[in-house]
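# Fold and contact review
Letter by letter, the chains look like this.
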Amino acid sequence: MAGGARLKGKLMANLFLGLDCSTQSLSAIVIDHDARQIVYNRSLNFDQSLPHYGTINGTLRSPDPLVVHSPPLMWIEALDMLFAQMKDDGVPLGEVRAISGSGQQHGSVYLNKRASNALARLRPNRPLAENLQGVFSRDTAPIWMDSSTGIECAEIRSALGGLTATARKTGSDAFERFTGPQIRKFYKTEPDHYANTASIALVSSFLASVIAGRIAPIDHGDGAGMNLMDIHRKVWHPQALKVTAPQLRKKLPPLAPSSKVIGNVSACLSRRYGFNRGVKALVWSGDNPCSMIGLGLIREGAMAISLGTSDTLFGYMRRCRMDERGEGHVFGAPTGDYMALGCFKNGSLARERIRDLYHLDWNGFNQALADTPPGNHGAILLPWFEPEIVPRVSRPGIHRFLVNVKDARTKPEILRDPDPRRDCRAVVEAQMMSMRLHSRWMKLRPKQIHATGGASANTAILQIMADVFRCPVARTEVAKSAALGAALRAVHGWLAHSGRKPRWQDVVAGFTDPIPGSQIRPNANSAKVYDKLVESYAACERDAIGRL
Ligand code: ADP
Ligand code: XUL
């Protein structure tokens, strides 16, 4: 278990549990809402705690580098392990009032006709994974890192009337990792297993089903990441279902707002871990919609960058506005409004690749950032170790360029020689400039950027973020904003279910304020350098994509 138990102070009666099943780990945050306190915060890393699944960074790789899956049973076993650990750590699970959760978005779990019964009759004396062994019509779940559905995307996009029409209908153009194209590929390549599939879940709704002991709905935040939901009406889009796969409507659970209570926590979990029978199990959502709440992004102009396995940039949107270029996404926000999002696949793992290439630790990496100037004397590195989502790049590879920092019209030269210090700065600068360039369509005007995710612990990286975006960057106490957001959603749903009319600003108050004095301000001179460099960066992207 990573991250040690954090059990602070005396535990009070109204506790709420937020779980987050991310790419690399499962986390739990317990809050005492009356006391406005996080009383427990713990993570379990999949590779370290469950090595028998053979994952690398939580994923199973196949000979085809475009195919990336994870074993759903691993998530279930992790849930059992984490609950057991919480009990050992003395968390009074009997005082938890409601549970909600967050899942990595887009990943899909395929259940056979035994699943529904198995969920309803989970045996408390057997491990959860053993209970659920025979319920899958597909052993592994394609996750958001999978980019093997280019053909299916083209088929769906064309059947829905092209890129803009697809985005207008579903909130996004057809994307390789989105669930609709993934379902279509499964139907085309394994028609028998598709036929044996009684129910398709997302990572979020699958884990919600295990908590509630019944097939759970999919919320509007995660549902929007499927290319299957009508983004305006928030119902399944009949034409999108039809062009994706036959009989799909029957295999999908209902859609629901993310504050919906599914029912009580299953009898099995109550017996196994001491939850009260009346504890409410809420619908789960995607990690990015949950982070919106965990960071308090509930008003126009609020924006965040999450530096997790992927880097994502997202912001609150009252009215649904699409990216007509088809690079970005619109999802439902847990507040009932919308959120705009861009997902950059080569995030933390790309930074790690450069760090490891030169046998550095994070201190060594940060020293390299300190030893090099903003603008890096014109050295730029496009870190597409994996096929990139934004901009769309299907052939992985890294590209080094030398540009004229003073004049963006000069053609970028190709740089051949690797250099440790230059490459460390170049990867971070390229990631930040890419996010700035590709989020223009969102028209967000933030007064500050909220930074979250594992790498937000690194202030040297956040300084480059502040300089590139010309905007102060703030951190909140908990880097795990998705798990915190899930716990706060549990509070909101529980209050609404008990007949009260909770206001989001009251629910998040006291949990989402930036750490006092943690704000990182942009340096005016560095910001000037990046205002110019971002245009040269765009030229490098065009050059590299043109050659691919
Ligand atoms: P996810 O939620 O997607 O599973 P996390 O938000 O937990 O991922 O982030 C994990 C990543 O954080 C790791 O891959 C690691 O590269 C990065 N990370 C952790 N600490 C640092 C640091 N000090 N500097 C830069 N990156 C870091
Ligand atoms: C968002 C996306 C990732 C995953 C994993 O569209 O693909 O951010 O949610 O974190």
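The paragraphs below set out a description of the structure included in this document. Predicted model, so just to flag it, every value in this text is computed and none were measured.

Turning next to the nonpolar core. Residues W75 and F275 are the most contacted members of the largest nonpolar core, which totals 157 residues. Apart from residues no more than four positions distant in its own chain, W75 is found in contact with C21, F46, S70, Q104, V109, A141, I143, V203, F206 and L207. I29, A483, L495 and F511 belong to the second largest nonpolar core, which has 22 residues in total.

Once that is clear, we can look at the side chain of H106. Considering the arrangement of structural elements, one finds H106 in the loop between β6 (96–103) and β7 (108–111). We classify H106 as buried; its relative accessible area is 5%. In terms of polar contacts, H106 uses its side chain to reach the backbone carbonyl oxygen of G225, at 2.8 Å. Discounting chain neighbours no more than four positions away, the residues touching H106 are W144, R177, F178, T179, L202, D222, G225 and F331.

All right, on to the sheet that holds strand β8 (residues 141–142) then. With respect to topology, three strands assemble into an open sheet ordered β4-β5-β8, the strand pairing being antiparallel. Each edge of the open sheet is held by one strand with a lone partner, namely β4 (60–61) and β8. Here strand β5 (residues 68–70) pairs with β8 via two bridges, running antiparallel. Across the sheet, H69 pairs through a bridge with P142, a residue of β8.

Along an α-helix, residues three or four positions apart point the same way, because every turn accommodates 3.6 residues. Those residues of helix α5 (residues 150–159) that fall on the buried side of the exposure criterion are E152, C153, I156 and R157. One side of α5 carries all its buried residues, which in axial view fall inside an arc of 130°. Exposed side chains of α5 directed beyond 90 degrees from the buried face belong to I151 and S158. In this structure, the buried residues of α5 make contact with α6 (163–170), α7 (179–189) and α11 (238–244). Of the residues trailing α5, G161 is marked for its positive phi of about 105°.

Lining the immediate environment of ligand 1, one finds 14 residues, of which S22, T309, E352, G454 and N458 sit closest. In the environment of ligand 1, an oxygen atom lies 2.4 Å from a nitrogen or oxygen atom belonging to the side chain of E352. One nitrogen or oxygen atom from the side chain of N458 is found 3.1 Å from a nitrogen atom belonging to ligand 1. Contact with the protein chains hides 79% of the accessible area of ligand 1, taken as 590 Å² for the molecule alone. Of the residues assigned to the shell around ligand 1, the class counts are three nonpolar, nine polar and two charged.

Attention shifts here to the sheet that holds strand β22 (residues 397–402). Judged by pairing direction, the sheet is antiparallel, and its three strands sit side by side in the order β21-β22-β23 without closing on themselves. Because the sheet does not close on itself, it has two edges, and the strands there are β21 (379–384) and β23 (413–414). Looking at chain direction, β21 and β22 are connected through six bridges and run antiparallel. Along β22, the bridge assignment pairs A379 with L402. Contacts between helix α17 (residues 420–437) and the sheet are confined to β21 and β22, with β21 contributing the most and set at about 70° to the helix.

For the rest of this paragraph, the subject is the pairing of β7. Of the two faces of β7, the one lined by S108 and Y110 and the one lined by V109 and L111 are each fully buried. Two elements, β7 and strand β9 (residues 199–202), share four bridges in a ladder whose sense is antiparallel. Bridging across to β9, Y110 finds its partner in I200.

This brings us to the packing of aromatic side chains. Here the distance between the centres and the angle between the planes together describe a pair of aromatic rings. In total, this model carries ten aromatic pairs according to the counting rule given. Between the aromatic rings of F83 and Y273, the centroid separation amounts to 5.3 Å while the plane-to-plane angle is 45°, which identifies the pairing as tilted. Taken as a pair, F83 in helix α2 (residues 72–88) and Y273 in helix α13 (residues 267–273) lie far apart in primary sequence, 190 residues in all. Residue F83 is classed as buried on the basis of its relative accessible area, which comes to 1%. Relative to F186, the ring of Y110 has its centre 4.6 Å away and its plane inclined at 55°; by these criteria the two rings are tilted. Residue Y110 is found in strand β7, and its partner F186 is found in helix α7; the two are separated by 76 residues along the sequence. A relative accessible area of 0% places Y110 in the buried class. Taken together, the ring pairs connect Y110, F186, Y187 and Y194 into an aromatic cluster.

Scoring rules and cut-offs
Residues numbered from 1 in each chain as written. Chains lettered and ligands numbered in written order. Predicted model: local features only at pLDDT ≥ 70, side-chain atom pairs only at ≥ 80, totals over all residues. Heavy atoms only, no water. Core = buried A, V, L, I, M, F, W, Y, C linked by side-chain atoms within 4.5 Å. Buried < 20%, exposed > 50% of the residue type's maximum accessible area, 1.4 Å probe, protein only. Contact = heavy atoms within 4.5 Å. Helix = DSSP H or I, 4+ residues; strand = E, 2+ residues; numbered from the N terminus. Polar contact = N/O pair within 3.5 Å; in protein donor to acceptor, adjacent residues only side chain to side chain. Pairing = 2+ DSSP bridges. Arc of directions from axis to C-beta. Near = heavy atom within 4 Å. Areas by Shrake-Rupley, 256 points an atom, 1.4 Å probe, with all protein chains shown as cover. Nonpolar A, V, L, I, M, F, W, Y, C, P; charged D, E, K, R; others polar. Axes fitted to C-alpha atoms, helices over the stretch in contact; angles between N-to-C directions. Phe/Tyr/Trp six-rings, centres within 6.5 Å; stacked < 30°, edge-to-face > 60°.

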